[in-house]
Protein chains: 2
Amino acid sequence: MSGRDASIETIQRELTAFARRARHKASQLHPELSLVSYSMLDLMNERGGCRAADLAAHFMLDKSTVSRQVGALEKLGVIVREVDPDDHRGQILRPSEAGLKLLNEAYQMRRQSFLERFTDWDDEDLAGFARYLVRYGEAD
Amino acid sequence: MSGRDASIETIQRELTAFARRARHKASQLHPELSLVSYSMLDLMNERGGCRAADLAAHFMLDKSTVSRQVGALEKLGVIVREVDPDDHRGQILRPSEAGLKLLNEAYQMRRQSFLERFTDWDDEDLAGFARYLVRYGEAD
DNA sequence: CAGTAATGTTGTGCTCTGCAACCAGCACCC
DNA sequence: GGGTGCTGGTTGCAGAGCACAACATTACTG
């Protein structure tokens, strides 16, 4: 097998292994906010408000799923909805004050866990790993 | 924010994004075999037969979950069970002939998808990415 | 032998998810 | 203006995946 094949096989195995465990670890890390909820909240925050359709497209989820997740987030009081003034079909979704607080807490906890994991990586390796992941993710 | 912090944030975001989409892509790639089922079958194969308790430990799943998954795999005819002769409490689980065939097909399909994704990566980048992933995964 | 631990199975209930049907705005075109 | 079709969201329904708890069976230990 060529070195190229071996590399691809390794990447395949490692990413699969990661996927297997991601949900489990995420739920341990911040039990009150699922991986998907956290990600949705994060995207709303990053974009300064977005629509349910944007979330569905970005996460490749059915709009019904997004609708329910958003409903749950609203019930929890971590987001606010407002009708889009430019298009009354849609809604603009934003994190509430409580949502921003929760998001920040979850982010700190996640970040702490990553920091611990990367203590023995030097800056160059970290930057390299990040570059590869971004490059990989861009093909999604 | 330091470059180190930025790298960690990027890695965090990208790995989270990956986890979000992994299940979805896996189900598209081989609809008849879920990510978890595939992984279980793979582990049985790699270890030359294993017990349900091993699967539960490895995937950090409840034994009841494993029991049902294994039941489904058996019903599909992709594994065979036999009572462990050394310990009649346990069972040895192995892929059947059909299971090996399915495993190989799923593997080929996954590999094809990875090959396509990496067409524009040179060998060095591929090897580097693989190295980082392994190093990351070892801390699991 | 009695007590404890390990292996699986089953009952129950929850969350996440997709599909299909539906309603409400918007856009276009005759 | 009135049809036709598209887009954004909600709801009913069904299935998968998961954990917890209770249980039966087998093994180990004092």
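Structure's up top.
Our subject in this report is the structure included herewith.

Each value, and the rule that gives it
Note that residues are indexed from 1 along each chain, following the sequence as it is written. Numbering of ligands from 1 and lettering of chains from A proceed in the order in which they are written. Where local features are concerned, this predicted model is filtered to residues with pLDDT of at least 70; where side-chain atom pairs are given and counted, the filter is 80 or more; whole-chain, interface and lining totals use all residues. Side-chain numbers here rest on the full set of heavy atoms in the structure, without hydrogens or water. Only residues with pLDDT of at least 70 in both copies contribute their C-alpha atoms to the least-squares superposition of the copies. Note on contacts: a residue pair is in contact if any heavy atoms of the two residues lie within 4.5 Å. Residues are classed as near a molecule or strand on a simple rule: at least one heavy atom within 4 Å of it. By the criterion applied in these results, polar contacts are pairs of N or O atoms within 3.5 Å in which, for protein atoms, one can donate a hydrogen and the other can accept it, and in which residues neighboring in sequence qualify only through two side-chain atoms. Here a helix means four or more residues in a row that DSSP labels H or I, a strand means two or more in a row labelled E, and each is numbered from the N terminus. Every axis corresponds to a line fitted to the C-alpha atoms, with the helix fit spanning only the stretch in contact, and the corresponding angles, defined between N-to-C directions, vary from 0 to 180 degrees. Any angle from 65 to 115 degrees is called roughly perpendicular, while one under 35 is roughly parallel, one over 145 is roughly antiparallel, and all others are oblique. By the convention adopted, Pro, Cys, Tyr, Trp, Phe, Met, Ile, Leu, Val and Ala count as nonpolar, Lys, Arg, Asp and Glu as charged, and the other residues, Gly among them, as polar. The term buried area refers to how much accessible surface (probe radius 1.4 Å) is lost by two components on association, counted for both of them together. Exposure categories follow from relative accessible area, calculated using a 1.4 Å probe and restricted to protein chains: below 20% of the type maximum is buried, above 50% is exposed, and the middle band is partly exposed.

## A closer look at the relation of the copies chain B and chain A
When chain B is fitted to chain A, the best match, at an RMSD of 0.6 Å, comes from turning it 180° and sliding it 0.4 Å along the axis. Taken together, the rotation and translation describe the operation of a two-fold axis. When C-alpha positions in chain B are compared against the rotation axis, the closest is assigned to Ala-19 of chain B, at 2.2 Å. Both copies contact each other with a shared surface, as 98% of the interface residues of chain B are interface residues in chain A too.

## Quick look at the protein's contact with DNA strand D
Residues in contact with DNA strand D amount to 24 residues; listed here are only the nearest, Ala-53, Lys-63, Arg-68 and Arg-81 of chain A together with Ser-64 of chain B. For DNA strand D, the backbone portion of the atoms within 4 Å of the protein, that is sugar and phosphate, comes to 58%. In this structure, a phosphate oxygen belonging to DNA strand D sits 2.5 Å away from a side-chain N or O atom of Arg-81 of chain A. A distance of 3.1 Å separates a base nitrogen of DNA strand D from a polar side-chain atom of Arg-68 of chain B. Elements with a contribution of two residues or more to the surface near DNA strand D: α3 (52-59) and α4 (63-76) of chain A together with α4 (63-75) of chain B.

## Some words on the protein's contact with DNA strand C
Lining the immediate environment of DNA strand C, one finds 24 residues, of which Asp-62 and Ser-64 of chain A together with Lys-63, Arg-68 and Arg-81 of chain B sit closest. In DNA strand C, atoms within 4 Å of the protein come 52% from sugar and phosphate. Asp-62 of chain A is positioned such that a nitrogen or oxygen atom in its backbone is 2.6 Å from a phosphate oxygen of DNA strand C. Take Ala-53 of chain B: an N or O atom from its main chain is 2.7 Å from a phosphate oxygen of DNA strand C. Among the elements of the structure, α4 of chain A together with α3 (52-59) and α4 of chain B are those that each provide at least two residues to the surface near DNA strand C.

## Some thoughts on the packing of helix α2 (residues 35-47) of chain B against α4 of chain B
All names here are of chain B. In the contact formed by α2 and α4, the axes pass within 11 Å of each other and the chain directions differ by 80°. Considering the angle they form, α2 stands roughly perpendicular to α4. In contact with Val-36, Ser-37, Met-40 and Met-44 of α2, α4 contributes Val-66, Gln-69 and Leu-73. In terms of residue class, the contact of α2 with α4 is made up of five nonpolar, two polar and no charged.

## Re the interface of chain B and chain A
On the chain A side, the residues contacting the 53 residues of chain B number 54 residues. Summed over both partners, the interface of chain B with chain A comes to about 5,900 Å²; 61% of that surface belongs to carbon and sulfur atoms. Of all residues in chain B, Arg-4, Tyr-132 and Tyr-136 of chain B bury the most surface against chain A, accounting for 12% of the area lost on that side. Counting every contact that joins chain B to chain A gives 16 residue pairs in polar contact (both at pLDDT 80 or more). Of all the elements in the fold, those that place two or more residues in the side of chain B that touches chain A are α1 (3-29), α2, α3, α5 (97-117) and α6 (123-138) of chain B. The dominant element in the side of chain B that touches chain A, judged by the number of residues it contributes, is α1 of chain B, at 20 residues.

## What to know about unusual backbone geometry
Peptide bonds are trans in most cases, and residues, glycine excluded, mostly fall at negative phi. Residues and elements named next belong to chain A. With phi around 55°, Met-60 is a residue other than glycine that occupies positive phi space. Relative to the elements of secondary structure, Met-60 occurs in the loop between α3 and α4. You can call Met-60 partly exposed: its relative accessible area is 32%.

Everything listed is a geometric property; what it means functionally is a separate question.
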